[in-house]
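Remarks on the overall topology
Residue strings, one per chain:
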Amino acid sequence: MLELALTHRSYSYEAGGIPTNERLEFLGDSVLGLIVTDELYKLFPNLDESRLSPLRSGVVNMKALAQIAREINLGSYLKIGKGEEATNGREKNSILADTFEALVGAIYLEHGYVRSAEVISKWINPAIVAATSQGSTLDSKTALQELSALLNLASPEYEISESGPDHDKSFMACVLLGSEKFPVGMGKSKREAEQAAAKIAYEILVERDKK
């Protein structure tokens, strides 16, 4: 099953038409979508469909899945044709993402949904954090503002300080939510420091809401 999951169609063509990973990819795409949806549904109990959908898209997309494949070194195990090998196919986002989905499909068939979700969630968690910490296409301050409202928290305020000479200033910002003060974010401008601080606060709230 694992060997099948790693067999790209370019290899199949050169090997006389042996089975490829495309059916497993088809299955894995659906399984992965369900696992990510399940994670987001539990992570954000107050978000409606209109906000959950773009967050899911921020995780289940070619670029994000290819990055996960790179992190588990999936490319080195691929069975690809000579043509793809010559054009650096092991590093192509499309091939890596498709192969990762095929791997998910194989794990699901071998071990069922519950065990698959346990394993795959560990792989996709950084991608979920990345998508949610950016509000999936929202800047960090806007994302924090929305999340604070959804969690019935006070509107974020920012405390700014600066240091250094005029030609090389550094700025520090921290988020205040009611009486709670979050860790400092830094930047070379007030806006950059505020965005960094908002990202820190957002990620803390995400982890807290998980528990």
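See the structure shown above.
Cut-offs applied
- Every chain is numbered on its own, with residues counted from 1 as its sequence reads.
- With the structure being a predicted model, the display of local features is reserved for residues of pLDDT at least 70 and the display and counting of side-chain atom pairs for 80 or more, all residues being used for whole-chain, interface and lining totals.
- The side-chain quantities take in all heavy atoms of the structure and omit both hydrogens and water.
- The way it works is that DSSP assigns letters per residue, a run of H or I at least four long becomes a helix, a run of E at least two long becomes a strand, and they are numbered from the N terminus.
- Each radius of gyration reported is based on C-alpha atoms, and the globular scaling rule is 2.2 Å times the count of residues to the power 0.38.
- The classification of residues rests on relative accessible area computed with a 1.4 Å probe and restricted to protein chains. Under 20% of the type maximum is buried, over 50% is exposed, and intermediate values are partly exposed.
- Side-chain atoms within 4.5 Å link the members of a nonpolar core, which is a set of buried Ala, Val, Leu, Ile, Met, Phe, Trp, Tyr and Cys residues.
- Strand pairing is assigned whenever DSSP identifies at least 2 bridges connecting the two strands.

**Brief notes about the overall build of the protein chain**
Each helix and strand in the protein chain was counted, giving 9 helices and 4 strands. Of the regular secondary structure in the protein chain, the N- to C-terminal order runs α-α-α-α-α-α-α-α-β-β-β-β-α. In terms of overall dimensions, the protein chain is more spread out than a globule: its C-alpha atoms have a radius of gyration of 21 Å, far above the 17 Å expected for 211 residues. For the protein chain, the C-alpha atoms occupy an extent of roughly 65 × 40 × 25 Å along the three principal directions.

**Thoughts on the environment of Glu-3**
On the secondary structure map, Glu-3 appears in helix 1 (residues 2-5). Note on Glu-3: relative accessible area 53%, which makes it exposed.

**A few points about the nonpolar core**
Core analysis: the biggest nonpolar cluster contains 47 residues, and Leu-32, Leu-40, Phe-44, Phe-100 and Ile-124 have the highest contact counts within it. Taken together, the elements giving at least two residues each to this core come down to helix 3 (22-43), helix 4 (49-59), helix 5 (62-71), helix 7 (93-133), helix 8 (140-150), strand 2 (170-177) and helix 9 (190-210). With 13 residues, helix 7 is the single largest residue contributor to this core.

**Points about the pairing of strand 2**
As paired strands, strand 1 (residues 157-163) and strand 2 are joined by 7 bridges and run antiparallel to one another. Looking across to strand 2, one finds that Glu-159 is bridged to Cys-174. As consecutive antiparallel partners, strand 1 and strand 2 are separated by 6 residues, and within that stretch Gly-164 has a phi angle of approximately 95°, a positive value. Inspection of the sheet shows strand 2 paired to strand 4 (residues 185-187) by 3 bridges, in the antiparallel sense. The residue of strand 4 that forms the bridge with Phe-171 is Gly-187. The turn linking strand 2 back onto strand 3 (residues 180-181) is made up of 2 residues, and Gly-178 within it adopts a positive phi angle of 65°.

Geometric values such as these leave the question of function open.
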